[in-house]
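# Survey of secondary and tertiary structure
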Amino acid sequence: MDLTHYLASTLKNLRQARGWSLSRLADETGVSKAMLGQIERNESSPTVATLWKIATGLNVPFSSFIAPSESETPHSFDPQQQAMVVTPLFPWDEALHFDLFSIILAPGALSESTPHEQGVIEHVVVIGGMLDMCIEGQWRTLTAGGGIRFAGDRPHAYRNSSAQSAHFHSLIHYPKEKTASKLAAKNDDE
């Protein structure tokens, strides 16, 4: 199954396991009912920001949508034609409650992130290039080898104002409640 089909079926399965209509999912995620329907029918590919809203509204790890558990090679999620390419290095870890992503941000690209659920902590480490981060309304520039830790449950943004791609790793640490939520959804599917 290719990534777009996997994402579509995962969204539909998670929604149905909760007994939610598309309208309820729209209310919980802040994503329009029309867009959610298009994603479920594999007629549209969401942006990274939209997918984060969906994951947050469903209280599941972001990697749930892009990293099939049986997959041995990571899939890259690239809905914006190389503007922001997200590749899971270590998808959802049940014991440690985290996702680890490798992210490439194109020159001039900006990605504004809505707050993740309460208690999420994010760690960003720049591997190559320069990355501007807006945290609590303040822009900071990180260079290769630099990193920052911040509360992911507040608005934040990533920007590449340079002429070269920025490569960074993002470790998303979820609160323990996410484990219970994920297990309940998995048990509903069985």
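In this report, the structure presented in the accompanying data block is examined. (Residues numbered from 1 in each chain as written. Predicted model: local features only at pLDDT ≥ 70, side-chain atom pairs only at ≥ 80, totals over all residues. Heavy atoms only, no water.)

### Details of the pairing of strand 4 (residues 121–128)
Inclusion rule: Criterion used throughout: strands pair if DSSP finds at least two bridges between them. A run of H or I in DSSP counts as a helix once it spans at least four residues, and a run of E counts as a strand once it spans at least two, with each numbered from the N terminus.
As judged from the five bridges shared by strand 4 and strand 7 (residues 147–151), these two strands associate in the antiparallel manner. Each bridged residue has a counterpart across the sheet, and for Glu122 the counterpart in strand 7 is Phe150. Relative to strand 9 (residues 166–173), strand 4 is paired through seven bridges, and the arrangement is antiparallel. Across the sheet, Ile121 pairs through a bridge with His173, a residue of strand 9.

### With respect to the sheet that holds strand 4
The test is simple: With axes taken as lines fitted to C-alpha atoms, and helix axes fitted only over the stretch in contact, angles between N-to-C directions fall between 0 and 180 degrees.
Reading across the sheet, the five strands line up as 1-2-9-4-7 and stay open at both edges, with antiparallel pairing between neighbours. Edge positions in the sheet fall to strand 1 (84–93) and strand 7, since each has one partner strand and no second. Geometrically, the sheet is characterised by an average inter-axis angle of 20 degrees between neighbouring strands, direction not taken into account.

### Considerations on empty space enclosed by the protein
Definition in use: A pocket here means an open set of points on a 1 Å grid, computed over the protein atoms alone, that has protein on both sides within 12 Å along at least five of seven lines. A cavity is instead a set of points where a 1.4 Å probe fits but cannot get out; residues with an atom within 4 Å of a point line either one. Grid points are joined across faces, edges and corners, and a volume is the space filled by probe spheres set on the points. Three categories are distinguished: nonpolar for Ala, Val, Leu, Ile, Met, Phe, Trp, Tyr, Cys and Pro, charged for Asp, Glu, Lys and Arg, and polar for the others, with Gly belonging to the last.
Applying the stated criterion across every chain yields a total of one cavity of 30 Å³ or more. Taken together, 15 residues make up the lining of the largest cavity; nearest its centre are Val48, Trp52, Met84, Ile103 and Tyr158. Looking at side-chain class alone, the lining of the largest cavity contains 10 nonpolar, three polar and two charged residues.

### Quick look at the environment of Ala55
Keep this limit in mind: A contact between two residues is defined here by any heavy atoms of the two lying within 4.5 Å.
Tracing the backbone through its elements, the reader meets Ala55 in helix 4 (residues 48–58). Along the backbone, Ala55 and Leu11 are 44 residues apart, and their C-alpha atoms lie at a distance of 9.1 Å. Ala55 has contacts with Val60, Pro61, Phe62 and Phe65, leaving out every residue within four places of it along the chain.

### Comments concerning the packing of aromatic side chains
Let me state the cut-off plainly: Pairs were defined over the aromatic rings of Phe, Tyr and Trp, the Trp ring being its six-membered one, requiring ring centres within 6.5 Å. Orientation was assigned from the angle between planes: stacked under 30 degrees, edge-to-face over 60, tilted for the rest. We call a residue buried when its accessible area falls under 20% of the maximum for its residue type, exposed when it is over 50%, and partly exposed in between, using a 1.4 Å probe and counting protein chains only.
Counted according to the given criterion, the structure contains four aromatic pairs. Seen in terms of ring centroids, Trp52 and Phe62 are 4.6 Å apart; in terms of plane orientation they differ by 20 degrees. Their pairing is stacked. One end of the pair, Trp52, is in helix 4; the other, Phe62, is in the loop between helix 4 and strand 1, with 10 residues separating them in the sequence. Looking at Trp52, the relative accessible area reads 10%, which means it is buried. Note on Phe62: relative accessible area 0%, which makes it buried. An aromatic cluster is defined as three or more aromatic residues linked by ring pairs; in this entry it consists of Trp52, Phe62 and Phe101.

### Topic: the sheet that holds strand 6 (residues 138–143)
In spatial order, the strands read 3-8-5-6; together these four strands make up an open sheet with antiparallel pairing. Every interior strand has two partners, whereas the edge strands, strand 3 (110–113) and strand 6, have only one. Sheet twist, expressed as the mean angle between neighbouring strand axes with direction ignored, is 20 degrees. For strand 3 and strand 8 (residues 156–159), the ladder comprises four bridges, and the chain directions are antiparallel. Pairing of Leu110 across the sheet is with Arg159, part of strand 8.

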